[in-house]
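Tertiary structure, described
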Amino acid sequence: MKRIGILGGMSWQSTISYYRYINEETHARLGGKHSADVVVWSGDFDPIAACTDTRDWGELARILVPAAKSVAAQGAEVMVIAANAAHSVADAVEAYGEVPVVNIIDVTAHRMMESGVETAALLGTAAVMEEPFYRERMAQNGIDCLVPSDETRTEIDRIIFEELVFGVIDDGSHRTLVDAIDVLADKGAEGTILGCTELSLILDEDDGVVPGFDTTRIHAIAAVDAALD
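None of these values were measured; they are calculated from a predicted model. (Residues numbered from 1 in each chain as written. Predicted model: local features only at pLDDT ≥ 70, side-chain atom pairs only at ≥ 80, totals over all residues. Heavy atoms only, no water.)

The next point concerns the overall build of the chain. Counting its secondary structure elements, the chain contains 10 helices and seven strands. Taking 17 Å as the expected radius of gyration for a compact globule of 229 residues, we find that the chain reaches 17 Å, a close match to that expectation. With respect to the principal axes defined by its C-alpha atoms, the chain has extents near 45 × 40 × 35 Å. Out of the 229 residues in the chain, the part that is buried amounts to 53%. As presented, the chain carries roughly 9,900 Å² of accessible surface, and 47% of it is formed by carbon and sulfur atoms. Across the chain, the centroid of the 16 positively charged side chains sits 5 Å from that of the 39 negatively charged ones. (Helix = DSSP H or I, 4+ residues; strand = E, 2+ residues; numbered from the N terminus. Rg over C-alpha atoms; globule rule 2.2 N^0.38 Å. Buried < 20%, exposed > 50% of the residue type's maximum accessible area, 1.4 Å probe, protein only. Areas by Shrake-Rupley, 256 points an atom, 1.4 Å probe, with all protein chains shown as cover. Lys, Arg positive; Asp, Glu negative; His and termini not counted. Charge placed at Lys NZ, Arg CZ, Asp CG, Glu CD.)

Quick look at the structure:
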């Protein structure tokens, strides 16, 4: 098995999920007492969150590229960036970090296409829902994305940054997210992209009237695929 490098801490809540999913999938594939060969870089989330908030992708790359190099120096042969918004700089991390990056957008789109979904509701941070990098790459993979209204995007972003990154799970916030899914389903969404790695802390894939796609779990399983390839 190739060594998997995780660029984590974005936030640490979801990095825990990555570590668990990767090891669960490795054990399911290999049996016995096998677990994954993993190196984790866990950064300080505060400056990373600030980059996301201001859409300062250059500064984000200046944080993550050295992190990728440090993980590569520890023998990582395949890498995951454990955050959807940070995939705004995934190509730079791969180019300068010199380790292949399993792209969360590509593998999620592939899973959706396998399921027959071509139009999806996209929930995530404001950056993911509003910046073109995510929707354009999804479109390149054959998935059209629908996003919530301005007011709902603002509330979803608040739920993520003021609740989920601190491990706070609120019933009212869960209702807001499910309502957002249902509204976009009425507009033609055939599935929902849980486009923030914290959203799986509050949403199950069967919440809402259309199937959900948990990017955290999909990404982790794809990392194991790459490591065992």
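Read on, since the account is not over.
Read across the sheet, four strands follow the order 5-4-6-7 without closing on themselves; strand pairing throughout is parallel. With one partner strand each, in any of the chains shown, strand 5 (144–146) and strand 7 (212–214) form the two edges of the open sheet. The average angle at which neighbouring strand axes cross in this sheet is 35°, direction not considered. In terms of strand pairing, strand 4 (residues 119–124) meets strand 6 (residues 191–195) through five bridges, oriented parallel. Each residue of the ladder has a partner; that of G124, found in strand 6, is G195. Lying over the sheet, helix 5 (residues 104–114) contacts strand 4, strand 6 and strand 7, oriented at roughly 145° with respect to strand 7. Where helix 10 (residues 215–228) meets the sheet, its contacts fall on strand 6 and strand 7, and the angle it forms with strand 7 comes to roughly 50°. (Pairing = 2+ DSSP bridges. Axes fitted to C-alpha atoms, helices over the stretch in contact; angles between N-to-C directions. Contact = heavy atoms within 4.5 Å.)

So, about the side chain of S173. With respect to the helices and strands, the residue S173 is situated in helix 9 (residues 171–186). Filtering out sequence-adjacent residues up to four positions away, S173 remains in contact with R158, I159, E163 and I202.

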